Amino acid sequence: VMNEMVRISNSVLVRNDQITFDVDAVDKVLDVLCTDSYMSIPNVGLYLQFPEMSVKWNGYLLESYLYKYSKLFRLVHIGFSTKDYCGIMVRRASSFLDYEEVVVDFLSHSQDWNTKEEVLALLVEQGFQKRKKYTGIEALMQKAKPLKTVLNE
């Protein structure tokens, strides 16, 4: 469905041919907003600086845009949420290949976790995912822990 449609709210999808993005203008805004290799969609915040469109900019529209249209960024996530939007916009030029690599990097730079529960809460709080569940989170924590130690020495 997401390949053929653009999501503009939690319950409304429109056909791809009913939405036109000014890709260069949107990517220019995102390039200014994202000062690192990645940024969670909820952290984008206000959409006032985005180019005007036939529908109002919001996280759902941005999620669809990143999934299919952006030249500079791509959507990295564990799946589309049925009730909300989430995920990470990652620069295409970055070395991050998937969700797990971004999570390991994020955790290695964060001091806000020590336990599995704290990691899952942090990922939800930051908008990386919607549920406090992720199979294999312990393995990602094990990868991030030595990097966290090195980065904070």
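Above this text sits the structure in question.
S.K.: Let's hear about the packing of aromatic side chains: which residues, and what values?
M.R.: Scanning all chains against the criterion turns up 12 aromatic pairs. A centroid spacing of 5.9 Å and a plane angle of 55° characterise the contact between Phe21 and Trp57, whose relative ring orientation is tilted. Here the residue Phe21 occupies a position in the loop between strand E2 (13-15) and helix H1 (23-33), and Trp57 occupies one in the loop between strand E3 (38-40) and helix H2 (59-68), the gap between them amounting to 36 residues. For Phe21, a relative accessible area of 10% puts it in the buried group. The buried category is assigned to Trp57, whose relative accessible area is 7%. For the pair Tyr65 and Tyr69, a centre-to-centre distance of 6.4 Å together with 20° between the ring planes defines the contact as stacked. Since its relative accessible area comes to 23%, Tyr69 is described here as partly exposed. Pairwise contacts between aromatic rings join Phe21, Tyr47, Phe50, Trp57, Tyr65 and Tyr69 into one cluster.

S.K.: A description of the sheet that holds strand E4 (residues 73-76) should follow, citing residues and the corresponding values.
M.R.: Through backbone hydrogen bonds, the strands of a sheet pair up, either in parallel or in antiparallel fashion. One open sheet holds the three strands; their spatial order is E3-E5-E4, and the pairing between them is antiparallel. Unpaired on one side and paired on the other, E3 and E4 mark the two borders of the sheet. The sheet shows a mean angle of 25° between the axes of neighbouring strands, direction not considered. Of the strand pairs in this sheet, E4 and strand E5 (residues 88-91) are connected by four bridges, and their pairing is antiparallel.

S.K.: Go over the layout of surface pockets, please, and point to the residues and values.
M.R.: In this structure, the largest pocket spans a volume of roughly 170 Å³. The wall of the largest pocket is formed by Ile78, Gly79, Phe80, Ser81, Cys86, Gln129, Lys130, Arg131 and Lys133. Of the residues belonging to the lining of the largest pocket, the class tally is three nonpolar, three polar and three charged.

S.K.: Which residues make up the nonpolar core, and what values go with them?
M.R.: Nonpolar side chains in soluble globular proteins tend to be buried together. With 27 residues, the main nonpolar core has Phe21, Leu30, Phe50, Trp57, Leu62, Tyr65 and Leu66 as its most contacted residues. Elements with a contribution of two residues or more to this core: H1, H2 and E4. Sort the elements by how many residues they give to this core and H2 lands first, with five residues. Apart from the residues lying within four places of it in its own chain, the contact partners of Phe50 are Val26, Val29, Leu30, Leu33, Val44, Trp57 and Leu62. Judged by nonpolar contacts, the second largest core, of 22 residues, contains Val90, Val103, Phe106 and Phe128.

S.K.: Quick rundown of helix H4 (residues 116-125)? Include the residues and the values.
M.R.: Those residues of H4 not exposed but buried are Val119, Leu120, Leu122 and Leu123. Buried residues of H4, seen end-on, are gathered within an arc of 160° and therefore sit on one face of the element. In H4, the exposed positions that point more than 90 degrees away from the buried face belong to Glu117 and Glu125. Gly127 occupies a position one or two residues after H4 and carries a positive phi of about 85°.

S.K.: Run through H1, naming residues and quoting values.
M.R.: Those residues of H1 not exposed but buried are Val23, Val26, Asp27, Val29 and Leu30. The arc that holds the buried residues of H1, viewed along the axis, is 160°, so those residues lie on one side. What points out from H1, more than 90 degrees from its buried face, is the exposed set Asp24, Lys28 and Val32. Where H1 is buried, its residues touch H2, E4 and E5.

Definitions and cut-offs
- Residues numbered from 1 in each chain as written.
- Predicted model: local features only at pLDDT ≥ 70, side-chain atom pairs only at ≥ 80, totals over all residues.
- Heavy atoms only, no water.
- Phe/Tyr/Trp six-rings, centres within 6.5 Å; stacked < 30°, edge-to-face > 60°.
- Helix = DSSP H or I, 4+ residues; strand = E, 2+ residues; numbered from the N terminus.
- Buried < 20%, exposed > 50% of the residue type's maximum accessible area, 1.4 Å probe, protein only.
- Pairing = 2+ DSSP bridges.
- Axes fitted to C-alpha atoms, helices over the stretch in contact; angles between N-to-C directions.
- 1 Å grid on protein atoms, 1.4 Å probe; cavity = no way out; pocket = protein on both sides within 12 Å on 5 of 7 lines; lining within 4 Å.
- Points joined across faces, edges and corners; volume = space filled by probe spheres on them.
- Nonpolar A, V, L, I, M, F, W, Y, C, P; charged D, E, K, R; others polar.
- Core = buried A, V, L, I, M, F, W, Y, C linked by side-chain atoms within 4.5 Å.
- Contact = heavy atoms within 4.5 Å.
- Arc of directions from axis to C-beta.

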